[in-house]
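Summary of structural features
Below, each chain spelled out in residue letters.
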Amino acid sequence: MNDTVLDIRLSPDLLPRDGRFGSGPSKVRQDCVEALAKAAPTFLGTSHRKPGVREVVARVREGLRDMYALPDGYEVLLGLGGATLFWDAATFGLIRDRSLHFVFGEFSSKFALAAARAPHLRRPVVVESDFGDHPEFTTDATCDTYALTHSETSTGVAMAVQRPVPAGDDSPIVVVDATSAAGGLRVDPHEFDVYYFSPQKCFGSDGGLWLALCSPAALSRIESIAADPDRWQPASLSLALALDNSRQNQTYNTPALATLFLLAQQVEWICAKGGIEWAASRCDAAAAAIFGWAETTSYTTPFVADPSRRSHTVATIDFDAAIDAAAVCRVLRANGIVDVEPYRKLGRNQMRVALFPNIDTEDVEILTRAVDHVVSVLSG
Ligand SMILES: *Cc1c(COP(=O)(O)O)cnc(C)c1O
């Protein structure tokens, strides 16, 4: 592509009101940023052990409890380091001996790898599918933990959250990576023991934290592993310490206060609008817009063939070989429409578009028209 292509200027009717379509960090609402600026003089730069900040943590924990109508005994935990750190924390403090991982993309495979490398655990069972699909449920009586991913952000595949084994006293726990799903996809809390995520996707905050909605079975697993004298856990990765601090609306070490504030605003915004059902309906509308376009456009196909397995928070759209998707992305970027490049390691001629609740369906529709325009100019 020569540089003159980057001179393609989109007319105002082809420019979304907001050009951020990234799958994380994702669009942060300006209202939240302004509320933060307003609160800053008495909030930023104050102690996370004092009421001002702890009240914000309490708002996050209570807001998430309401949003998911968490059953009695479930608790909201949080700590530093994001979902990636949570995988390591889980290898220390959630998996007792052996885990089973449903792997269908980059993120689910990273958790499986973390468990495989942990010297104190037995080799995990890994059930894998082609990327672009997800594996079918299987069970393995030697596993005490099942690792699911609600929305595989690297491929745009969603997998329903269901217990592979009915809940019971000695049942394995079900641990779900909900990083691009939480706040945008429907889920029944009875179907999971841990639903963990980072706040920079549907929750439109910034990175650096993990949150985990934990069932009583998960809490007792955390406590019993922590009580095992033969099991070493680094303090910064200890879920028992995270539990103890979360109950006091704190984190074990110093959190990013701005991230917490933006998250609290977003959680309350979603709850005030109608909760997870409202948010999921918004994502459904955006998904209908982009997949409808991709199915009827001559040069595009949804990467995920089975419509029921397409994530409604992250859409992946393949382009015909004759069209260079990377060139399209570069032109869009030069026009302020950013982060629609595919997940780097997937290596496909593809566009990936976040459909998080912050993203207006109308902007997704404008994006599809902008792509059509760029493709027609590039095809000369
Ligand atoms: C983004 C993402 C992660 C990693 O989150 P970090 O905050 O970068 O650790 C993990 N899993 C899924 C499904 C994700 O989308």
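Residues numbered from 1 in each chain as written. Predicted model: local features only at pLDDT ≥ 70, side-chain atom pairs only at ≥ 80, totals over all residues. Heavy atoms only, no water.

1. Observations concerning the side chain of Thr259
Examined against the element boundaries, Thr259 turns out to sit in helix H7 (residues 257-273). With relative accessibility at 4%, the residue Thr259 sits in the buried group. In this view, Thr259 contacts Pro199, Ser205, Asp206, Gly207 and Leu209; residues no more than four positions away in its chain are not counted. (Helix = DSSP H or I, 4+ residues; strand = E, 2+ residues; numbered from the N terminus. Buried < 20%, exposed > 50% of the residue type's maximum accessible area, 1.4 Å probe, protein only. Contact = heavy atoms within 4.5 Å.)

2. A short note on the packing of H7 against helix H8 (residues 275-296)
Two elements in contact, H7 and H8, have axes separated by 6 Å at closest approach and are oriented at 90°. Between H7 and H8, the angle is such that the two are roughly perpendicular. On H8, the residues touching Trp269, Ile270, Cys271 and Lys273 of H7 are Gly275, Ile276, Trp278 and Ala279. A class-by-class count of the residues in the contact of H7 with H8 yields six nonpolar, one polar and one charged. (Axes fitted to C-alpha atoms, helices over the stretch in contact; angles between N-to-C directions. Parallel < 35°, antiparallel > 145°, perpendicular 65-115°, else oblique. Nonpolar A, V, L, I, M, F, W, Y, C, P; charged D, E, K, R; others polar.)

3. A closer look at the site of the ligand
In the vicinity of the ligand, the contacting residues are Gly82, Ala83, Thr84, Trp87, Phe107, Ser151, Thr153, Asp177, Thr179, Ser198, Gln200 and Lys201. At 2.9 Å from an oxygen atom of the ligand is found a side-chain nitrogen or oxygen belonging to Gln200. Within the contact set of the ligand, an oxygen atom lies 2.7 Å away from a side-chain nitrogen or oxygen of Lys201. Summarising the interface, the protein chains cover 86% of the accessible area of the ligand, which totals 390 Å² for the free molecule. Sorting elements by how many residues they give to the shell around the ligand places helix H3 (residues 82-93) first, with four residues. Each residue belonging to the shell around the ligand can be placed in one class, and the counts come to three nonpolar, seven polar and two charged. (Near = heavy atom within 4 Å. Polar contact = N/O pair within 3.5 Å; in protein donor to acceptor, adjacent residues only side chain to side chain. Areas by Shrake-Rupley, 256 points an atom, 1.4 Å probe, with all protein chains shown as cover.)

4. A word on the pattern of salt bridges
On inspection of all chains with the given rule, the structure shows 22 salt bridges. Salt-bridge contacts for Arg221 lead to Asp144; the nearest nitrogen and oxygen are separated by 3.2 Å. Linking Arg221 in helix H5 (residues 216-226) with Asp144 in the loop between strand E3 (125-128) and strand E4 (145-149), this pair joins segments that are 77 residues apart in sequence. Residues Arg221 and Asp144 agree in their burial class; the two are buried. Linked by salt bridges that have partners in common, Arg17, Arg282, Asp360, Glu362 and Asp363 make up one network. (Salt bridge = Lys/Arg side-chain N within 4 Å of Asp/Glu carboxyl O.)

5. A closer look at the sheet that holds strand E10 (residues 300-302)
Spatial ordering of the open sheet is given by E10-E11-E12, a layout of three strands whose pairing is antiparallel. The open sheet has two free edges, formed respectively by E10 and strand E12 (350-354), since each of these has just one partner strand. Within this sheet the neighbouring strands show an average axis-to-axis angle of 30°, counted without direction. Of the pairings in the sheet, the one linking E10 to strand E11 (residues 314-319) comprises three bridges and is antiparallel in character. (Pairing = 2+ DSSP bridges.)

6. Remarks on the environment of Val60
Along the polypeptide, Val60 turns up in helix H2 (residues 51-67). Each C-alpha atom of the pair Val60 and Leu211 lies 9.6 Å from the other, and the pair is 151 residues apart in sequence. Excluding residues that lie within four positions of it along the chain, Val60 makes contacts with Leu211, Leu260, Leu263, Ala264 and Val267.

7. Remarks on H5
For H5, the set of buried residues is Ala218, Leu219, Arg221, Ile222 and Ile225. The arc that holds the buried residues of H5, viewed along the axis, is 160°, so those residues lie on one side. (Arc of directions from axis to C-beta.)

8. Notes on the domain arrangement of the chain
If you check the domain split of the chain, you get domain 1 (3-28 + 275-379) and domain 2 (32-272). A C-alpha centroid distance of 28 Å is found between domain 1 and domain 2. Opposite the 32 residues of domain 1 that make contact, domain 2 presents 33 residues. Carbon and sulfur atoms supply 57% of the area that domain 1 and domain 2 bury against each other, a total of about 2600 Å² over both sides. When residues of domain 1 are sorted by the area they lose upon contact with domain 2, Val28, Ile276 and Arg309 head the list and together hold 26% of the total. Inspection of the region where domain 1 meets domain 2 yields five salt bridges. For Arg309, the salt bridge identified is with Glu136, shortest N-O distance 3.0 Å. At the boundary of domain 1 and domain 2, one finds 17 residue pairs in polar contact (both at pLDDT 80 or more). Per-element tally for the side of domain 1 that touches domain 2: the top contributor is H8, with nine residues. (Domains from an automatic or database assignment. Buried area = accessible area lost by both parts, 1.4 Å probe.)

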